[in-house]
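Single-letter residue listing:
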2 protein chains.
Amino acid sequence: MKNIFIAGSTGSVGKSAVEVALLYPEKLSVKAIAAGHFTEELKRQIIKLNPSYCILSLKTEMDNAKSETSGLTGIKTKFLCGEDGFSELISNENLDIILNAISGSSGLMLSYLGLKAGKNLALANKESIVMAGDILNRVAKFNKADIIPVDSEHSALFQCLNCGNKPDLKKLILTASGGPFYDLQNGAFTGVTRDMALNHPKWKMGKKITIDSSTLANKGLEIIEAHYLFDVDEKDIEVLIHPQAVVHSMVEFMDGSVIAQMAQADIKGPIGYALSYPDRFHGLMEPLNFAQIGRLEFLEPDTQKFPFLNLAREALRVGRSMPAVFCEANEFFVKAFLENKISFTGAG
Amino acid sequence: MKNIFIAGSTGSVGKSAVEVALLYPEKLSVKAIAAGHFTEELKRQIIKLNPSYCILSLKTEMDNAKSETSGLTGIKTKFLCGEDGFSELISNENLDIILNAISGSSGLMLSYLGLKAGKNLALANKESIVMAGDILNRVAKFNKADIIPVDSEHSALFQCLNCGNKPDLKKLILTASGGPFYDLQNGAFTGVTRDMALNHPKWKMGKKITIDSSTLANKGLEIIEAHYLFDVDEKDIEVLIHPQAVVHSMVEFMDGSVIAQMAQADIKGPIGYALSYPDRFHGLMEPLNFAQIGRLEFLEPDTQKFPFLNLAREALRVGRSMPAVFCEANEFFVKAFLENKISFTGAG
């Protein structure tokens, strides 16, 4: 039985993590959840999971949560808030793994606090590792904690790397579905609306990451993430467009062998893998049917049309805080686009 | 440095193994070679490798080899013959690994003798394991020797199995290029000649295995081989037609994840992997270029048109000596077909 903390439990990944925990009650015990705001979804999770702790971002949200759940019978949940809440939880509760599914750069502090306390980190918040990869790696190593990626691509790489030793690794191949606009002509980007960008062909995800997928900024962040997670040079991280989103990523070894991980485009896969590692949860995803899928296609990415790929590489080459700048600048403009303040191509 | 013995050194796999050994002289030292007959190819290998031992099938062949090489300067090779020769070599020479690339059922005795002496076995001779899988597994286990498959499919499975634990394994997926006649209409098989059957679209191999590939008897043998090598039930071993022969096989785990191994259709890959395991030889094969390959296709096998698949499954279900009977009967008829004694469909 593993004791887990699901942070960002009302987001897209968090909700799937709760689903996984409820599917395997004999393997996972949810000791704590955290969310930015009190919502009906959070209330439902408290009722279903009866966690020891629930952490809200702010005191006002925490007070709201307390009063909204005070009438529930049998609920023993203690409410905390903010960074102090994280610290209190981590020092008081016997956690085996923290799933960080907080959206955006505000997820960084939990990654740091968890690793500092020697807790294994199932990391869905790629911004943590993009912004402070070197620091988190050092803290993890010093405190003997593992970082297990929950991103489907990095989960795939993490799995494939078991097939060889580090000195025999040649390159990582990150696959990308290409998002909703891969076939659009360059000039047609000016007509892209918020709703069009939020309609991903393969993955149902949160808003921020869905916009990032439509611009391929997400793949840029993933190059940086892969660099820090697996200690691989940017020039040895390739991106390959694969519209079917069946191959989630691949590893090439020095002998010319390539190992690929495939599965349904279902985030329960990477979540379950991170929470069950080194075992696997039985019956977690629908199996693939290759004869039905028929074909898998691969093509080079168009880095002219999608400049974020090369921008991310440049940020890595510059190093120091440049990946954090790339990450924050992207987040700022995505927010502006989602609030209809700028167009898809950035015109005001 | 690993000391190796290449048995069947003048066959298709054996010649590639010699090539691999010459490519990595700082990793591999060929201490012995064996062949059925003395040929110019064997003479060239003796000159290039100067092995401590060379074993021929019969005394007449051995005497011939001795006299044909007696004039060569600097060659210190000792000639032996038959089973006694294998035994003498194995007890006298400090071998790390025996590559058994003998063709057909006559390869069985060497597999047995090597494992009995506790030598690791790189196994290209699938007939050994098909005919006596249970016995070889027991002998290997008792003498703490590993069997590492050299068949491209089983090498792929062996690699992919590193990504999970045995209790989490769901099934093995053997890929098959389909051979030269996959698209032929059922009735058209009567017109198939020896030359047509020897023309494989993807792999350059020996005659026996090329005929086996054209009938899919090879894939039947591989189902049996996979059963014994990996202790997986016949019903959990699937066959998938994959004309591009890029994916060499796949493993499905209980969570719905599939791990695939891919590479050029180059037997140097599986040979090198077996000889370098758990490391990998750098620069062994040409890398794959996925954007150039473009697409990978998969379809269900037609078991009506290619009855060997179900015959092999039935042989496994019957068990005991039936896999050996399947193997020997197939070998008998392949020989008759190659000698133009019967047609492709078996009419005399």
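(A) Main features of the overall build of chain A. Helices and strands together make up the secondary structure of chain A, namely 14 helices and 12 strands. Here the C-alpha radius of gyration of chain A, 20 Å, is about what a compact globule of 348 residues would show, namely 20 Å. Over its C-alpha atoms, taken along the principal directions, chain A stretches across nearly 55 × 50 × 45 Å. In chain A, which comprises 348 residues, the share counted as buried stands at 57%. Taking all contacts inside chain A whose residues are at least 6 apart in sequence as the whole, residues at least 24 apart take part in 69%. A total accessible area of about 14,400 Å² is found for chain A, and carbon and sulfur atoms account for 51% of it.

(B) Geometry of the pattern of salt bridges. The final tally for this structure, using the stated rule, is 44 salt bridges over all chains. Residues A:Glu222 and A:Lys126 are paired through a salt bridge, measuring 3.1 Å at the closest nitrogen-oxygen approach. Residue A:Glu222 is found in helix H10 (residues 217–230), and its partner A:Lys126 is found in helix H6 (residues 126–142); the two are separated by 96 residues along the sequence. Here the two residues A:Glu222 and A:Lys126 agree in accessibility, since each one is buried. The salt bridge involving A:Arg280 is made with B:Asp255; its shortest N-O contact spans 2.8 Å. Residue A:Arg280 is found in the loop between helix H11 (268–276) and helix H12 (290–293), and its partner B:Asp255 is found in the loop between strand S10 (247–253) and strand S11 (258–262); the two belong to separate chains. Take A:Arg280 and B:Asp255: they sit in the same class, and that class is buried. Several salt bridges converge on common partners, so that one network encompasses A:Lys126, A:Asp151, A:Glu153, A:Lys219 and A:Glu222.

(C) Broad picture of the nonpolar core. In this structure, A:Phe5, A:Leu172, B:Phe5 and B:Leu172 are the most contacted members of the largest nonpolar core, which totals 208 residues. Non-local contacts of A:Leu172, meaning those with residues more than four positions away in its chain, are made with A:Leu157, A:Leu161, A:Ala226, A:Phe230, A:Val232, A:Asp236, A:Ile237, A:Glu238, A:Met250 and A:Val251. Grouped together as the second largest cluster of nonpolar side chains are 24 residues, A:Val247, A:Met262, A:Leu296 and B:Met250 included.

(D) Examining the confidence of the model for chain A more closely. Summary statistics for chain A give a mean pLDDT of 95 and a share of 99% for residues scoring 70 or more. The complex prediction reports pTM at 0.96, with the ipTM value standing at 0.96.

(E) Seen up close, the interface of chain A and chain B. The partner chain B presents 44 residues to the 44 residues of chain A that form the contact. Summed over both partners, the interface of chain A with chain B comes to about 3,700 Å²; 52% of that surface belongs to carbon and sulfur atoms. Among the residues chain A hides against chain B, the three largest losses belong to A:Asp255, A:Arg280 and A:Phe290. Together they make up 19% of the total. Where chain A touches chain B, the interface holds four salt bridges. Counting every contact that joins chain A to chain B gives 30 residue pairs in polar contact (both at pLDDT 80 or more). Put simply, the parts of the chain that give the side of chain A that touches chain B at least two residues each are helix H7 (152–160), strand S8 (169–176), strand S10 (247–253), strand S11 (258–262), H12 and strand S12 (295–297) of chain A. Ranked by residue count, the leading element in the side of chain A that touches chain B is S11(A), at five residues. Tallied by class, the residues present in the side of chain A that touches chain B amount to 25 nonpolar, 10 polar and nine charged. With five bridges joining them, S11(A) and S11(B) adopt antiparallel strand pairing. Looking at S11(B), one finds that A:Met262 is bridged to B:Val258.

(F) Here's a closer look at the packing of aromatic side chains. Residues and elements named next belong to chain A. Within this structure, the stated rule accounts for 26 aromatic pairs over all chains. With centroids separated by 5.3 Å and ring planes inclined at 80°, the aromatic side chains of Phe 181 and Phe 344 adopt a geometry described as edge-to-face. Here Phe 181 is found in the loop between S8 and helix H8 (194–197), whereas its partner Phe 344 is found in the segment after helix H14 (322–338), with 163 residues between them in sequence. Neither Phe 181 nor Phe 344 differs from the other in exposure class; each is buried. Judged by centre distance (5.2 Å) and plane angle (90°), the ring pair of Phe 332 and Phe 333 falls under edge-to-face. With a relative accessible area of 58%, Phe 332 lands in the exposed category.

(G) Broad picture of the sheet that holds strand S9 (residues 237–241) of chain A. Read across the open sheet, the eight strands follow the order S9(A)-S8(A)-S10(A)-S11(A)-S11(B)-S10(B)-S8(B)-S9(B); overall the sheet is mixed. Every interior strand has two partners, whereas the edge strands, S9 of chain A together with strand S9 (237–241) of chain B, have only one. The average angle at which neighbouring strand axes cross in this sheet is 20°, direction not considered. Relative to S10(A), S8(A) is paired through five bridges, and the arrangement is antiparallel. Bridging from a neighbouring strand, A:Leu174 pairs with A:Ser249 of S10(A). Contacts from H10(A) reach S8 and S9 of chain A within the one sheet, and its direction differs from that of S8(A) by about 150°. Seen against the sheet, helix H7 (residues 152–160) of chain B touches S11 of chain A together with strand S8 (169–176), S10 and S11 of chain B and runs at an angle of roughly 40° to S10(B).

(H) Expanded view of the relation of the copies chain A and chain B. Superposition record for chain A on chain B: RMSD 0.0 Å, screw rotation 180°, translation along axis 0.0 Å. Expressed as a symmetry operation, the mapping of one chain copy onto the other fits a two-fold axis. Both copies share a contact surface, since 100% of the interface residues of chain A are interface residues in chain B too.

(I) Broad picture of the packing of helix H5 (residues 108–116) of chain A against H6(A). All names here are of chain A. Remark: H5 packs on H6, axes separated minimally by 10 Å, with the N-to-C direction vectors making an angle of 10°. One finds that H5 runs roughly parallel with respect to H6. Across the interface between the two elements, Leu 108, Ser 111, Tyr 112, Leu 115 and Lys 116 of H5 pack against Ser 128, Ala 132, Leu 136, Val 139 and Ala 140 of H6. Within the contact of H5 with H6, the residues separate by chemical class into seven nonpolar, two polar and one charged.

(J) The arrangement of unusual backbone geometry in detail. In the segment running from A:Tyr277 into A:Pro278, the intervening peptide bond is cis, with an omega of 5°. Phi angles above zero are rare outside glycine, and A:Leu216 is one such case at about 65°. In this structure, A:Leu216 sits in the loop between helix H9 (207–215) and H10. Given a relative accessible area of 3%, A:Leu216 falls into the buried group. The phi dihedral of B:Asp231 is positive, around 55°, even though this residue is not glycine. Mapped onto the elements of the fold, B:Asp231 is located in the loop between helix H10 (217–230) and S9. Exposure remark for B:Asp231: the relative accessible area of 57% places this residue in the exposed category.

Cut-off values and rules
- Residue positions are given per chain, counted from 1 along the sequence in the order it is written.
- Going through the entries in the order they are written, you letter the chains from A and number the ligands from 1.
- Since the coordinates come from a predicted model, pLDDT governs what is reported: local features require at least 70, and pairs of side-chain atoms require 80 or more to be given and counted, while whole-chain, interface and lining totals use all residues.
- As a rule here, side-chain values cover all heavy atoms of the structure and leave hydrogens and water aside.
- The helix count covers DSSP runs of H or I at least four residues long, the strand count covers runs of E at least two residues long, and both are numbered beginning at the N terminus.
- Taken over C-alpha atoms, the radius of gyration is set against a globule rule of 2.2 Å times the number of residues to the power 0.38.
- The buried label applies to any residue whose accessible area, calculated with a 1.4 Å probe on protein chains only, is under 20% of its type's maximum; exposed applies above 50%, and partly exposed to all values in between.
- The contact rule is simple, with two residues in contact once any of their heavy atoms fall within 4.5 Å.
- Here the open area of atoms and residues is found with the Shrake-Rupley method and a 1.4 Å probe, where only the protein chains shown may cover a residue.
- Salt bridge criterion: a side-chain nitrogen from Lys or Arg within 4 Å of a carboxyl oxygen from Asp or Glu.
- To form a nonpolar core, buried Ala, Val, Leu, Ile, Met, Phe, Trp, Tyr and Cys residues must be joined to one another through side-chain atoms within 4.5 Å.
- Confidence of the predictor at the level of single residues is captured by pLDDT, which takes values from 0 to 100.
- Summed over both partners, the accessible surface that disappears when two parts come together, traced with a 1.4 Å probe, is what is meant by buried area.
- Polar contact criterion, stated in full: a pair of N or O atoms within 3.5 Å, where within protein one must be able to donate a hydrogen and the other to accept it, and residues adjacent in sequence count only if both atoms are side-chain atoms.
- When residues are grouped by polarity, Ala, Val, Leu, Ile, Met, Phe, Trp, Tyr, Cys and Pro land in nonpolar, Asp, Glu, Lys and Arg in charged, and all others, Gly among them, in polar.
- Strands are treated as partners if at least two bridges between them are detected by DSSP.
- For this analysis, a ring pair means two rings from Phe, Tyr or Trp (six-membered ring only for Trp) whose centres lie within 6.5 Å, classed as stacked if their planes differ by under 30 degrees, edge-to-face if by over 60, and tilted for the remaining angles.
- As a rule, the C-alpha atoms of each element are fitted with a line to give its axis, helices using only the stretch in contact, and angles between N-to-C directions run from 0 to 180 degrees.
- Copies overlap after least-squares fitting; the atoms used are the C-alpha atoms of residues with pLDDT of at least 70 in both.
- Any angle that falls under 35 degrees is termed roughly parallel, while one over 145 is termed roughly antiparallel, one within 65 to 115 roughly perpendicular, and all others oblique.

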